[in-house]
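# Secondary and tertiary structure notes
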Amino acid sequence: MINRLKTWKIICSICLVLFAANYIQQALVWITIIFILCLYRRKWKIEINKGYIILIIASIAYVFMYLIYYDTSIYTFCIMVFPPIFSYYVGKVFVSGIEDNIILLIMLLSIGNLAHGILNLYTSQSINLITRQVIDFWSGNVLSVTLQGTFFSIAIGLVFFAILHSNICVKLLGILIGIGCVWQSFSTASRTTILLLFITIILSTIYYSYLLANRQILYTLGRAFLIIIAAVVGIIFLFSFNIFHIKDLYINSPLFSRLETMSTLMEDSRSQLLFTVLERIFEHPLGNVDQYYDTFHYAHNFWVDIGRQVGILPMVLYIIYTIIVFKDVYKIHRASDIKINTKILIVGVYFSCISIFMIEPILEGNPWLFYSLCIIDGGINTLVERRNELQYRRNYVE
């Protein structure tokens, strides 16, 4: 029985990495395989809860409205319908209320997404600063630089956790993520990735100090800050003396070329676009907003762009689903039997991903990031359910 469980977990883990990396452009196939394995593990039973029901209804509403307005292939239809439903269930079964499993799950999804992002950078040796586009490694399709950055979002949430972890392999993964983020920013002239990395580390540090209260706070925070400061000092030293030609690489990078012109720092009018699209949605609440106007605008927001595409109802359903997920994350934060490092990891991942959701049309650009987060959502929910069940048993015994 134990050997069967280990074999099942190893196979699922491999498939999860391949899914997150969209290996050979077959993420739908990988998530379907994992879903079937999870059904087999649970003896073909599916457990339904409030969050899962809302996600299913939101997905069906999105697809129903999408089919009214847009032509689509059977494959695209399958990508929109099945992965979110499969993903949440996969997270629930894989984690099964075990804290170590949620850590493993997030690391597997981080590795897969990070690998895909780095492979894209390898494929796109030079970036045109005007078009700012990247070639997808698997499909050969063109991606915008901002969507390319979404492949790093889950991994960014893991960095501070990796800094604190005692395992050298986890620390090395954190270093690899940091290197990948720097490469992404320098080669694509993207400010978002590197800023998100620093902000996530800073907020994770603040959250960590809050969780620690008076427990070894000076020692633990001191160790974390020393590591960060040592890294910063090392980078400054290498840059100042142009060791390994780091300074030359920076000056010749697309990032330097973009930042050299100060006007580029003020070019983002996304907040204006957001309000413009919101006004259009309320004028045309059933969706397909762009057909009524001469100019096409993304809202650069996960929820608002759903409203732009398919109307207010799916948008509201996805907002409700997000609130339910946030409630589960808050319950994890409040749980006394969850390790501090696990809380740091979960909060860091959600902050990083939701930050990206606030500035990108994820379902149109990189839906697999949303589906990866749905897997984590399902895993988080089982942690909450397991603790509610244990609390109920304690109260019953008392």
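Quick notes on the rules
Residues numbered from 1 in each chain as written. Predicted model: local features only at pLDDT ≥ 70, side-chain atom pairs only at ≥ 80, totals over all residues. Heavy atoms only, no water. Core = buried A, V, L, I, M, F, W, Y, C linked by side-chain atoms within 4.5 Å. Buried < 20%, exposed > 50% of the residue type's maximum accessible area, 1.4 Å probe, protein only. Helix = DSSP H or I, 4+ residues; strand = E, 2+ residues; numbered from the N terminus. Contact = heavy atoms within 4.5 Å. pLDDT = per-residue confidence, 0-100. Phe/Tyr/Trp six-rings, centres within 6.5 Å; stacked < 30°, edge-to-face > 60°. 1 Å grid on protein atoms, 1.4 Å probe; cavity = no way out; pocket = protein on both sides within 12 Å on 5 of 7 lines; lining within 4 Å. Points joined across faces, edges and corners; volume = space filled by probe spheres on them. Nonpolar A, V, L, I, M, F, W, Y, C, P; charged D, E, K, R; others polar. Salt bridge = Lys/Arg side-chain N within 4 Å of Asp/Glu carboxyl O. Patch = residues over 30% accessible without salt bridge, like charges linked within 9 Å, V, L, I, M, F, W, Y side chains within 5 Å. Areas by Shrake-Rupley, 256 points an atom, 1.4 Å probe, with all protein chains shown as cover.

### Some thoughts on the nonpolar core
Phe19, Tyr318 and Phe370 are the most contacted members of the largest nonpolar core, which has 111 residues in total. Among the elements that make up this core, the one with the highest residue count is helix H4 (residues 74–95) (twelve residues). Once residues within four sequence positions are removed from consideration, Phe370 is found in contact with Leu55, Pro84, Phe302, Tyr318, Tyr321, Phe357, Ile362 and Leu363.

### Structural notes on the side chain of Gln148
Turning to its location among the elements, Gln148 is positioned in helix H6 (residues 145–148). The exposure class assigned to Gln148 is buried, which follows from its relative accessible area of 0%. Once residues lying within four places of it in the same chain are set aside, the contact partners of Gln148 are Gly117, Asn120, Leu121, Val134, Leu143 and Gln184.

### A few points about the confidence of the model for the protein chain
Scored by pLDDT, the protein chain comes out at a mean of 83, with 80% of its residues at no less than 70. This stretch, residues 259–268, has a pLDDT under 50; its non-local contacts, to residues over four places away or in other chains, come to nine contacts.

### Some remarks on the packing of aromatic side chains
For any pair of aromatic rings, the description rests on two quantities: the centre-to-centre distance and the angle between the ring planes. Tallied over the entire structure, the rule returns 25 aromatic pairs. Ring plane angle 20° and centroid distance 6.0 Å describe the contact between Tyr62 and Tyr66, whose orientation is recorded as stacked. Note that Tyr62 and Tyr66 are positioned in helix H3 (residues 50–69) at a spacing of four residues, about one turn of the helix. Of the two residues, Tyr62 and Tyr66, both sit in the buried class.

### Focus: the layout of surface pockets
Taken as a whole, the second largest pocket holds about 630 Å³ of empty space. Forming the walls of the second largest pocket are 29 residues, and the residues nearest its centre are Ile79, Glu364, Gly365, Pro367 and Trp368. Elements represented by at least two residues in the lining of the second largest pocket include exactly H3, H4, helix H5 (99–123), strand E2 (142–144), helix H18 (362–365) and helix H19 (367–397). Residue contributions to the lining of the second largest pocket peak at five residues, all from H4. Split into classes, the residues belonging to the lining of the second largest pocket amount to 16 nonpolar, eleven polar and two charged.

### Describing the pattern of salt bridges
Within this structure, the stated rule accounts for five salt bridges. The partner of Glu47 in a salt bridge is Arg42, with the nearest N and O atoms 3.5 Å apart. For Glu47, a relative accessible area of 42% corresponds to the partly exposed category. Put simply, Asp337 and Arg387 hold a salt bridge, and the shortest N to O gap is 3.2 Å. On the criterion of sequence distance, the pair formed by Asp337 in the loop between helix H16 (312–334) and helix H17 (340–357) and Arg387 in helix H19 is long-range, its members being 50 residues apart.

### Some remarks on the environment of Arg41
You can see Arg41 is positioned in helix H2 (residues 27–41). Separated by 52 residues in sequence, Arg41 and Val93 have C-alpha atoms that sit 7.9 Å apart.

### Quick word on a nonpolar patch on the surface
Taken together, the side chains of Leu195, Phe198, Ile199, Ile202, Leu203 and Ile206 define a hydrophobic patch exposed on the protein surface, amounting to about 560 Å² of accessible area. Structurally, the position occupied by Leu203 is in helix H10 (residues 191–212).

### Quick notes on unusual backbone geometry
The phi torsion at Ile24 lies on the positive side, around 45°, for a residue other than glycine. For Ile24, the position within the fold is in the loop between helix H1 (2–20) and H2. You can call Ile24 partly exposed: its relative accessible area is 45%. A positive phi angle is found at Lys43, which is not glycine, with a value near 55°. Its place among the elements puts Lys43 in the loop between H2 and H3. For Lys43, a relative accessible area of 67% translates into the label exposed.

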